[in-house]
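Here are the chains, one letter per residue:
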Amino acid sequence: MESNEKHLLSMMSRQVQELQESCKGLRITGPQAQQKQQPESQMRRGNVSSSGQANQRQLKDQGHGNNQGPLVFKTVESHFSPASRSNDHYAARLGRQVFRSAGNPRSCPHPKSAQKETWEASARAKSTAQRGGQQRRQPQQAQKRSESVSVKDRNGQRVQSEPHRRNPKFYGSQPNLLDCAGESNAVNEMQGRQRPRGRQHFSQRKERDNIQNSHEGTSQQRYKGPWIPKKHGIPQQHQNFESSAEDSSKPNHRKQGTLDSQELKQLAAMDPADVVMKLTSPRSGLKEFLNQANAEKNLIVSFLKILSMTFNCKSNRQSLHYLLALIKNSMFLKNILPTFILSAQTEVLQEAHLESSRYLDYTLKLLCQLITVYPASAFLDVSLLATLVQSTSNYLQSIGFPISEETEKSLQNLHQMIAYLQEEKRHGKLQSDTYTYFMVPERNDFRHISIYPTYEDLHLIDKPYVRPNIINEEYPDTATYLDIQFRLLREDFVRPLREGITKLLSCNKEDLQKQKIDDIRIYFNARVLGPLCTHSGVFYRVQFDKNKLKYVQWESSKRLLYGSFLCLSKDNFKTMLFATVAHRNIKELTEGIITLGFIESSRLDLVDVKSTDSFLMVETTAYFEAYRHVLEGFKEITDNKIPFQKYIVHCQTNVAEPRYLRPGYQNYTLEPLLKDQGSQPQRKSSKGKLINNLFQSNNNLSQGGNFNVLDFKMWPSKERLKFDESQMLALQTAITKELAIIQGPPGTGKTFLGLKVVEVLLANMDIWQSPSGSPILVVCYTNHALDQFLEGIYSFLKTGLIRVGGRSSSEILAKFSMTELRKQKAFRKNLPSYLSSMYCELIKERQEMQKKIEMLAVALEASGKGVLQLHTLSEHIQVNHLKSLQMGSEYNPSEHYDVLEWLKLTSAPEYYFGFNGTLEQTTEEDVETIASSATEGDIGNLNDLIEEGDNDDELIQVTQEAELMQAERMIDDDDLQKQLQKARARLAKMEEQFLAFNPKETAPPLKSQAESQDGGEWKFTKEEKKRMQKIMKAQLQNTDIMTEFEARRIVNVWDLDLLDRWRLYRLWLSQYQAETKREILRYELDYRRIVDRLADLRNQEELILLRQSKVVGMTTTGAAKYRNLVQDIQPRIVIVEEAAEVLEAHIITTLSSACKHLILIGDHQQLRPSATVYELARSFNLEVSLFERLIMMEVPFVRLNYQHRMRPEIAKLITPHIYEELENTASVKLYENIKGISTNLYFIEHQEPEDQIKEGKSYQNSHEAHFVKSLCEYFIKQEYKPQQITILTTYSGQLFCLRKIMPKSKFDGVQVCVVDKYQGEENDIVILSLVRSNKQGMVGFLRIPNRVCVALSRAKKGFYCIGNMSLLAKQVPLWAAIVGTLRENGKIGTSLRLCCQNHPGNDTLVSTAEDFARVPQGGCLVPCNFRSQCGHLCTLPCHPFDPEHKWYQCPLPCQKSCPEGHPCPKPCWQACGECKVRVGKVIPACGHQQQVACSLPPERFCCQEPCSKGLSCGHRCLRPCGEPCTWKCPSRIQLTQMCGHKRTVQCYQRQEAEAETEPCQATCGALLSCGHSCTGICSKCSSRKLHAPCKAPCPRTLPCSHPCTGSCCGPACPPCSQPCGNRCPHGKCPRSCGEPCQPCREPCAWSCPHSQCTRLCHEPCNRLPCDQPCGRTLNCGHPCIGLCSEPCPDKCWTCDEEEVTEIFFGGEDQPDTRFLQLQDCRHIFAVKEFDKWMQQSEGNGSPEPKFHLCPKCSTPIQNNLRYGTIIKNALAEIESAKVKILGDEEELRSRKACLEQFLEEKKELTEYYLLETLDLHLQLQESNTSLHKLTTLGHKISLLSKIADLKSSGKKLQDYQRIMIQQETEQLVEWITGNRAQFTSQELLDINSEISRLTYLNELYLIRTTMLRQRKTIESITIFELQQKLEGKEKYNETWVKENIDRLKKECDITTGTFSLC
C-alpha cells in the first residue's frame, strides 16, 4: 500500500509538471508588457525545472488522503443556516443530481478507492497539458473537442453547447481544463499518438511569439507580468454556460451590464450584501463574465477579491448560494481559474510573485466556499484546483516567496475537507450537496446540537444534560454561559414533547381517547391533504378527526396557535414528521383542518406519505418559532464575542461610560428637556394614548447645551427639568452608563422616562452615530408595548421611525411599517435598478412554478376524495388494460366515464357524478342547483373561502389570551391568511376536472340533463347516494393494493370481480400519487429557492431603509428572527422596554457586535419571563431575567420611587407588601370619588365553588362572572363610559364565560382581559375576578407575587375585587397580609354597599348578581316621576343617568289621532307617521272597491282585483287589475313533436319551440320484439336508430331452479351466476350455479343398521329406503316420529299434534304414520304418501330438467338421503343441460377455430378496425370462454364484418358522402363492441336494419355519382325521396326501397355483384 501511494504521488507530480510545461509555451502577457518573450520563457523553464523535485517532495510530505483524527474545519460552515442549506436534500431523496459540472456530459464516476480519486484529478491535469500543447498546432481539433462540452438547461436537461471558436494562442480559449477526468483511456491514447513526443521545436514557439508580439505593439503601459489581455477586433462566438438555477433566457430590452474594471471598482466599494444582490441580478453581466473565452488578469484578481468579501455577509445567504452555483457550473471555474492559478509559475518579476501570493488566498476562500456549499457536485473541480494551488504554492516557496500563514492554514483546511469527502465518497455517502458533511460534532459543543427534536431527544435513556442558570455568582467563562443558556432554552421546548410522548406510549387506550395527557394535545386520524403556495413558501393542509374535539371552544382555546410545534407519527413515534402551525383559521379548525409548514427534513419524507396514511398528531404547548430564532442566534455567537460580557458574564459592578463619550467632551446637549413645560407632563389617560407634544414650550433656554454630560455638577437642576430625585438619577444613569438598569414599579412612569432618554439621545446623534449610520434599536416584549413606546417617540420624531413586524394595531404607526415604507414611490424610485429587475424576474419565476405545483396539488388532493377520471390515470394504466377499459363498456364511452361503470358506482348510463372541468354549457338553474346543495366542507364554494369570520356580532369582544398570544407570535408583514384563501380558491377552480366522482358531492344531476316528459327530476334516492358515498370512502381508505405482478397477468379488466377491480384501481392510484408527490417535491425545491431569493431581496430593501432611519422598533421575537438585519445595521444603542419580562437568551441574541450602549427598563417584581416547563423555571432559574439577575448580582441600578397612577388607598395594596416604599405624587390625591358606591376600594368575599373547564387547565367561576357583569353594568348606569372600565381575570376560562354573558349592545367598549396581558396598562375603574374557590385549597397562579402585583396595580380611581379571600389568605402569606390590611381599613366584606346619587341614604348591599335587581336603573327603587316633554311621568325607577330626560323614551301609548279619528298605535316616543288603518275606497281608474290605507289616496293605489282582459293568444291576463297586462303569456301549453310525444312549454315560447325542435326527452315506448315497451329516451332511440336494451326482468326459471336475473334475455338465458346450492354430507359445491359441479368421489354416507349404500356419493344409491321406525327420543322427551337412517323431525305427536296431523296427502292422522322432514324447507310430510308423490313426479317426465319442488312452498328438494337417487338423477340431467349451455370442449374449440379463421381471412376487418379485431382475438383466447360468450362474440364479429364491407364499398363515394356514412357506422361500431353479456333479438334486429339502411344509402350515393359521370337523366323525385328516407329524415318501407334501388341500378347498367348485401 505504501509503495502504491508513493507511486501515485510521484505520478501526480509529473502531471502537474506537464501542466506547467504546457503553460510555458503560452504567450502570457499583460497590457503593460514591454519585454521580449524568449528570455522570459527560458527563465521560466529554468525555474520550473528547478522546482519540479520540490513539488514532488512537497506532495509526498503532505500525504494526500491519509488525514486522520477528528476534523476541525475553520471555513464558512457557521455562515450557512440549516434552512438555507437543506434544500439540497430534496435532490438526493428524489433520485436526481441537482447540480452537475456543466462541462462534463457524463455523470461523475464513483471511485472505489482514494487512489482512483487522486488519479482522476491527475489525469485531468495531464489531459489539460496535452490538449494545451496540441491546440497550438491543431486548433480545429480543439474546436471539435470543445463541442462535447454540454450544459444543463433550466429544467436539468443536458443540451449540447455550440462549439467555441477560440484563438489557440490564448489560455482562455483552451478546452475545459476540469472536464478531462471523465474521458476514456482510448481517447487519451489517441491524443497521445497524435501529439509528438518531447519539446516543440524552437521555431514553432518563435513563430507563435511573433504572432503575439504583433498584437502587443500598441501597449504603452508598464509591464506587470505575463498575462493574456482581451483580444479586440476579432469577433468571438462562445456558448454561455448556465447553471440549473439560472433564469429563463427571455428577451430583455434593458441594457445589459458588463463586469469591466470600472464596474468591479464600484462593487469593491459597496457593502457585501449589496454586492451579492447586484451580481445575481439579471443584467449584471456576471454570466457573460464567467463564460467568456478570455479575461484580463486584473479583472480576475478584482473579481476574486470581491467574492472573498461577499463570503463574510451574514444576510442574503440564498442569493450567495445562487452566485456560487453560477460559478460552479461556469467556464470560469473549469477553464480560466486553473490556468490563472498556474500562470503564477510563469511570472518573472518580484511584484508579480507578491501579487500571486495574495490572490491565492482569494482563490482558496472561493474553493472552501464551493466545497462547503456544494460538496458533491463541486468535489472533482475543487480537488483539481486544490492540487494546482498546492503546486503554485510550492513553486512560490521554492523561489523565495512563501505564502502567508493564513493562506497556508486555509490550504491545509481545504486539503482536510477534500480528504474527508474522499472518505465519504468511498463509502457511498457523498450523494447530495449538504453541509452536514463538515459538521463533525464535538461532544461538549452545543453548536452541534440540532435545534429540532431528534429521535434520541424523545426516547431518552439517560437524563438530559442541563445545568441551572447561575444567579448568585458570576459565570466562569463565556462558553459556559452560552452553553447553559442554550441547553436550558432548548430543554424548555423539547421536554413537554418528550414527556407527553412518553406518557402517550405508556397510557391505556381509554386515557388516550380521553386525552388525559397534560404536556401535549392529541389529534387523531391526521391526514396530509395537499400543498398551498404562498409568498412565504409552500404549506400543507392537514385534516384531523374533529369529532373528539367538539367541546373545544376554538376562539379561546390555545390549541394550534400560530407557530405551535407538531409531531406526526404513524408507527408509535419510531419515525416522525415535524411541522409548525402556519395559519390558524377558526372556521377551518371547527372542520378539522389546519395549515402547517413542515420543517426541511420532514418535507423530504412527505414523498413516502400515502393519502390513506393516518397519523397521530401531537402538539406541544411551547411556541417553537421564538425558540428557533433564538437558538439559531446562539449558535452564531462565538466565545468571548458577547457585547457587555464583563457585566453579563462576569457581573462586574463598576459600570463604565459609553465608549462614544470621550472624557471632557463639552458638546452634549439637554435642550429637549429644558423647554418650558409649564407643568409636570400629564399622565396617559390610557397606556396606548400618549399626550401629543410632551414638551411644548416657546422659551429657548440657553443652559443645558454644549456641556460635559459626565460631570453631573454641570447638569441643570431636577426642578428645572421637572423631575423627582429618582427620575433625575435614572436619566443620568441611562445617558452616562454603557449598561443602564432602571426599575419602574407600577405607575412610576417607566415609559415616560424611556421617551425622555430617547429624545436626548436623538438630540446628540452626531456624538454616538457611526459614519455609515446606525439607528437606535428599541426592543419590547409585546407588540402592544412596542406600539405604545413608538407612538411616544412619534410625538417628537416625525420622520426616520421604522416599526419592523406586521402586527401593529396603531393607526399612527401604520405608515412607518416596513411594508408601507417599501411601497412609497420615492423609495421605489431611488431603489437600485438591479434590485427592481431582479424582483420582476423572480416574481415571474415564482408564478410559473406556483402553477405547476398547484396543478399537481389539486390532482393529489382530488385523488383522495373520489374516483379520478380516466385520462388522469392513463399514464399509469397498462395499454391493454386501458383499451379493455375503454372498449369493454356497454354504453358510449364518449358520454360517460368508463371507470365509474367499471367500479359499479352507477347503475344508469344517464347519470354520472363528475363534471368535465367547466360549467360553460350548464344553465343558470343548474348552477343554482349545484350551489344550493354544496356541503359545508365543499372546497368549491368560493364565497366561503373569501369571506370568513365570526357571526358573534352580538357578543362583546373580549381580549382573549389565545388571541393575544396569536398576535404576539405573528411577526411578518405578509398577510398569510389572504394568500392562503387565494391559493385555496385557485385550487377549487381546478379540482373539478380531475374527479369523475366525489363522494362528498351531494348535488343532483343538472336539471338540463335530467328533465323528463313530466318535468320531473332524476329519480335517484338519497339512500343510494349515501350508499355509494359509504362504499367510496371505505374503498379509498382501504390499504389492500394489487401487486404489479398480479396486474400484469390480467387480460381483460372487466373479468375481475368488484373487490379486485378496486384493488387494481388502488394500484393505479398509488402509482399516480407517488409520482405526483415526487413531482411536487421537485418543483417545491425550486419554488423554495425562488422564495428564499425573494426574501433576500426584501431584506436588502429593508436594509436600505433601516440604514436611513433614526429609530427602529422590534419585538424580542422579531429581533431574534431578523438578527442578520440587526447585525448589518449595527445599532450602537439598544433600549429594552419591559426587560424583566424577557428571557435572558432573547436579549443576548438582540445585541449586535457594534452595540456600545444598553438600556434595560422594567420591573422584576411584576411579571417574570414565562417558561414552558415549571421545573426549569423554578429549580433551574430559567424564569430569572437578565434584568433581575444583574440586580441580584449587585450591578448598579436605579428605581423610580414616585407613582403617578393609583389613588393612595389602592397603592397601599402593594406597599409595603410588595414594594418597601413607594411615594405618591400630588396628582393622585386629587381624584374624585367613584359615583354610586360608598368606597373607592373594596374586596367582596364569597364561598361559591369554581368550575373546571373540560378543555385545558383553565377555570371559571359563574358566581363571580355574573357579579362582575352586573357591577360593570351598574357603573355604566352611573354615567361612566365603557372605555373607563376594565375587567381583569386570572384565567382565560373566566374570560370566555364573561364573553358569553356580556352582550355587545350594553358593554361595547369595556375591556375584558387576563391579568398577564394587561401589564403596563391602566384604567379609571378596574374590576378583578380571582376565580379560584375550592375545598382542596388550590390557588394556582394567585400564589405568585409578581402576578398579584400586576393585578392590584392597574386601577387609577376605583378598584373592586371579588374572590374567596379566606382561601387565599389561608394558603398564601402575601394575600394574608393584604387581607389583614383590608380588614383594618374596612375595605373587605361579603357585601358591597351601593349608594343612590339622587336619594342620599338609600343604600343597597349586594353580594350576588341577583341583588342588583334592587337597583334596576343604577339608583334605588323610588319612582322617578319626572314629567317629560310629552307630558307623561317617567315610568322608570330612580336612575342617575340622563337627569334631564333628554334621551328618555316614553313607553306610554300615543294620544294623537289622524284627521279621520284613527288613534296612533305607536308608543309615545315614536313619531306617528302616516295612518295605516284600512278603509274602503273606490279606485277611479277601474271603479273597483278596495281596502286602502287611510293616508293613501285611491288614485295611487294599485287595484288587486284579477284582470278581466284577454291576451292575443286567447288566454286571460293573470296579473292584478292595476298592473299592465303581461306581454309574455305564462300559461302552460302542450305541443306535439314529430315523434308524436307531447312537450309542455309556456305560451309565449310557442313560436320559438315550434321553430327550434329540441330532442324529445320522453320515454320511447316503442313495442320491442320481446313484447315489452322500450324504456329509452325517445330522441336517443330515434337519432341512432337503435332502441335501448330492454330492462324488463326475465320471467324464465333456469334448470337449477333459480329465477333468471337477467333483463329480457331473448332466445337464451345466460348461465346462472348465483352460488351453487348443491351439497352433500361431505361438503358444498364452491362454484357458481351455472358451472358444472365436480362430482363427489367420497363413499356414499347413506347407511343405517339395516342397510348401507356401497357406491360413491355422486352415483345413484344401490340400496332401498329403510322403513323401520326411529328409536331415538327427542329433546322434549317424546319418541321420534321419523324413520331409521333419516334426520329426526323437530316435531312430535304430543307437543305439535295439530301441526303434525294436518291433512295434506291423507293418512297423516293415523297412529302408525311415520313422518319425513325436508332439510331444504323444514316442512313435514307423511312418508308413504310422499314416497308415492315423488315417484309419480319422476314418472311424469318434464321437457326441462329440474329438481322436485316441495308441494307446500315450491322449494327445490336438493338435500335428502331417502330420495337421493331421484335427486341425483335430476342433478345429472341438470349437469347435462349446463354442459349444453356452456358447450363441451370440442364444440368450444370448433367454434373458436371458426371465428378465429374468419377474423384472419376477413381482411377488411384488420384494414378498418384493427384494434377492435385484436381485442376480439384476445377475447377468443381467454380460457374461461363459454358457448354463450362465443355466441355473443360471433354476433360481434358478424356485425362488424358487415360494417367493414360497407366501409370498403364506400371508397368510390365522394368525400362528404363517405364521411356522412362513416359517422353513423362509427356509432354502430361503438355500440357493437361495447361490453355486453349478450345481444337481444331486438338489438340484432335494429343493428341489421341499420346496416341495411346504410348499405342502401351507400348504393344510392354511388348511383348518383354514376349518373353524373354517364350524364343520364332519371326521375329526380325518386332519388330525392330515397335519400330523404335513407338519411333518416322520413320513415321508409324496406321493400319499396329495395325495388327502387334495383330499378335504378338496372337503368344505370350497374352490376349487382358490386352491391350485393351481406
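Residues numbered from 1 in each chain as written. Predicted model: local features only at pLDDT ≥ 70, side-chain atom pairs only at ≥ 80, totals over all residues. Heavy atoms only, no water.

1. Quick look at the packing of aromatic side chains
- Enumeration according to the criterion identifies 34 aromatic pairs in this entry.
- Summarising the aromatic geometry, the rings of Phe-1275 and Tyr-1280 are spaced 6.2 Å apart at their centres and angled 80° between planes, so their arrangement reads as edge-to-face. With respect to class, Phe-1275 is no different from Tyr-1280; both count as buried.
- Where Phe-1275 meets Tyr-1360, the ring centres are 5.4 Å apart and the plane angle is 40°; that geometry is what we call tilted. Of the two residues, Phe-1275 sits in helix H50 (residues 1262-1277) while Tyr-1360 sits in strand E26 (residues 1355-1363), which places them 85 residues apart along the sequence.
- The buried category is assigned to Tyr-1360, whose relative accessible area is 1%.
- Lying across the ring of Trp-1646, Arg-1663 places its NZ or CZ 4.1 Å from the centre.
- One Lys or Arg, Lys-1752, reaches over the ring of Phe-1725 and ends 5.1 Å from the middle of that ring. (Phe/Tyr/Trp six-rings, centres within 6.5 Å; stacked < 30°, edge-to-face > 60°. Buried < 20%, exposed > 50% of the residue type's maximum accessible area, 1.4 Å probe, protein only. Helix = DSSP H or I, 4+ residues; strand = E, 2+ residues; numbered from the N terminus. Lys NZ or Arg CZ within 6 Å of the ring centre and 35° of its normal.)

2. Comments concerning the sheet that holds strand E8 (residues 615-623)
- Spatially, six strands are ordered E3-E4-E7-E6-E5-E8 in a closed barrel, and the strand pairing comes out antiparallel. Going from strand to strand, the sheet's axes swing by 50° on average, the running direction of each strand aside.
- Sheet topology note: the strand E4 (residues 537-543)/strand E7 (residues 593-598) ladder contains four bridges and is antiparallel. Within the sheet, the bridge partner assigned to Tyr-540 lies in E7 and is Leu-596.
- Set on the sheet, helix H19 (residues 478-506) makes contact with strand E3 (520-534), strand E5 (564-569), strand E6 (577-583) and E8; between it and E8 the angle comes to about 145°.
- Set on the sheet, helix H23 (residues 624-636) makes contact with E5, E6 and E8; between it and E8 the angle comes to about 65°. (Pairing = 2+ DSSP bridges. Axes fitted to C-alpha atoms, helices over the stretch in contact; angles between N-to-C directions. Contact = heavy atoms within 4.5 Å.)

3. Observations regarding the sheet that holds strand E9 (residues 739-743)
- Strand order in this open sheet of seven strands is E11-E14-E10-E15-E16-E9-E17, and the pairing throughout is parallel. What marks the edges here is a single partner per strand, and that holds for strand E11 (801-803) and strand E17 (1198-1199).
- With four bridges joining them, strand E15 (residues 1133-1137) and strand E16 (residues 1157-1162) adopt parallel strand pairing. Bridged to Val-1134 within E16 is Leu-1158.

4. Quick notes on unusual backbone geometry
- For the bond running from Thr-1215 to Pro-1216, omega is 10°, close enough to zero to count as cis.
- Secondary-structure assignment places Pro-1216 in the loop between helix H49 (1208-1211) and strand E19 (1223-1224).
- Phi is positive for Glu-1138, close to 55°, though the residue is something other than glycine.
- With respect to the helices and strands, the residue Glu-1138 is situated in the loop between E15 and helix H46 (1144-1150).
- You will see that Asn-1181, though not glycine, has its phi angle at about 60°, which is positive.
- Among the secondary structure elements, Asn-1181 is positioned in the loop between helix H47 (1174-1178) and helix H48 (1186-1192).

5. Concerning helix H26 (residues 725-736)
- Its 12 residues place the ends of H26 17 Å apart at the C-alpha level, agreeing with the 16 Å of an ideal helix rising 1.5 Å per residue.
- Burial analysis of H26 places 10 of its 12 residues in the buried class, which makes it a mostly covered element.
- Restricting attention to buried positions, one finds in H26 the residues Ser-726, Gln-727, Met-728, Ala-730, Leu-731, Gln-732, Thr-733, Ala-734, Ile-735 and Thr-736.
- Looking at the buried side of H26, the elements it contacts are helix H25 (718-721), E9, helix H27 (750-763), E16, E17 and strand E18 (1202-1203). (Expected span 1.5 Å × (residues − 1).)

6. Re the packing of helix H15 (residues 350-373) against helix H16 (residues 379-398)
- As a packed pair, H15 and H16 sit with axes 11 Å apart at the nearest point and diverge in direction by 160°. The orientation of H15 with respect to H16, classified from their angle, is roughly antiparallel. Crossing angle aside, the handedness with which H15 passes H16 is left-handed. Facing His-353, Ser-356, Ser-357, Leu-360, Thr-363, Leu-364, Leu-367, Leu-370 and Ile-371 of H15, the residues of H16 in contact are Phe-379, Val-382, Leu-385, Ala-386, Val-389, Thr-392, Ser-393, Tyr-395 and Leu-396.
- Grouping the amino acids of the contact of H15 with H16 by side-chain chemistry returns 12 nonpolar, six polar and no charged. (Parallel < 35°, antiparallel > 145°, perpendicular 65-115°, else oblique. Left-handed = near helix turned anticlockwise from the far one by under 90°. Nonpolar A, V, L, I, M, F, W, Y, C, P; charged D, E, K, R; others polar.)

7. Considerations on the pattern of salt bridges
- Summed over the entire model, instances satisfying the criterion amount to 60 salt bridges.
- Put simply, Lys-297 and Glu-347 hold a salt bridge, and the shortest N to O gap is 3.0 Å. In this pair, Lys-297 sits in helix H12 (residues 297-310) while Glu-347 sits in the loop between helix H14 (331-342) and H15, placing the two residues 50 residues apart along the sequence. When sorted by exposure, Lys-297 lands in the same class as Glu-347, which is buried.
- Bridged by salt links that share partners, the residues Glu-600, Arg-603, Glu-1084 and Arg-1088 form one connected network. (Salt bridge = Lys/Arg side-chain N within 4 Å of Asp/Glu carboxyl O.)

8. So, the pairing of E16
- When you tally the buried positions in E16, you get six out of six residues, the bulk of the element.
- Burial of the side chains of E16 extends over both faces: His-1157, Ile-1159 and Ile-1161 are buried on one face and Leu-1158, Leu-1160 and Gly-1162 on the other.
- The pairing of E9 with E16 spans five bridges and is classified as parallel. Note on E16: the bridge partner recorded for Ala-740 is Ile-1159.
- The β-α-β motif built from E15, the intervening H46 and the parallel element E16 has right-handed crossover chirality. (Right-handed = clockwise from strand over helix to strand, strands pointing away.)

9. Quick look at the state of the cysteines
- Tallied over the entire structure, the rule returns zero disulfides.
- Summary of cysteine pairing: Cys-1468 is not part of a disulfide, and the nearest cysteine sulfur, belonging to Cys-1430, is at 3.6 Å.
- Cysteine Cys-1695 is unpaired, with the sulfur of Cys-1692 as its nearest cysteine sulfur at 3.4 Å.
- Taking relative accessible area as the criterion, Cys-1695 reaches 46% and is therefore assigned partly exposed. (Disulfide = S-S within 2.5 Å.)

10. Here we look at the nonpolar core
- Counting residues in each nonpolar core, the largest one holds 98 residues, and the members touching the most others are Leu-497, Val-618 and Leu-1160.
- Ranked by residue count, the leading element in this core is H19, at 11 residues.
- Val-618 has contacts with Leu-497, Ile-501, Leu-504, Ile-520, Arg-521, Ile-522, Phe-565, Leu-566, Cys-567 and Phe-573, leaving out every residue within four places of it along the chain.
- Grouped together as the second largest cluster of nonpolar side chains are 69 residues, Met-1206, Ala-1265, Phe-1275 and Phe-1359 included. (Core = buried A, V, L, I, M, F, W, Y, C linked by side-chain atoms within 4.5 Å.)

11. Comments concerning the pairing of strand E30 (residues 1478-1482)
- Sheet analysis places E30 next to strand E31 (residues 1489-1493), joined by five bridges and oriented antiparallel. Opposite Lys-1481, over in E31, you have Gln-1490 as the bridge partner.
- Linkage of E30 to E31, two consecutive antiparallel strands, is achieved through a turn of six residues, within which Gly-1487 is found at a positive phi near 85°.

12. Some thoughts on the side chain of Arg-1123
- Note on placement: Arg-1123 falls in helix H45 (residues 1123-1129).
- A distance of 3.1 Å separates polar atoms of two side chains, one belonging to Arg-1123 and the other to Glu-632.
- Excluding residues within four positions of it along the chain, Arg-1123 makes contact with His-629, Glu-632, Gly-633, Glu-636 and Thr-1149. (Polar contact = N/O pair within 3.5 Å; in protein donor to acceptor, adjacent residues only side chain to side chain.)

13. Quick notes on the environment of Pro-1453
- By secondary structure assignment, the location of Pro-1453 is in the loop between strand E29 (1403-1406) and E30.
- A sequence separation of 13 residues divides Pro-1453 from Lys-1466, and the C-alpha atoms of the two residues are 6.4 Å apart.
- When sequence neighbours within four positions are dropped, the list of residues in contact with Pro-1453 reads His-1432, Lys-1466 and Cys-1468.

Everything listed here is a matter of geometry and, on its own, says nothing about what the molecule does.
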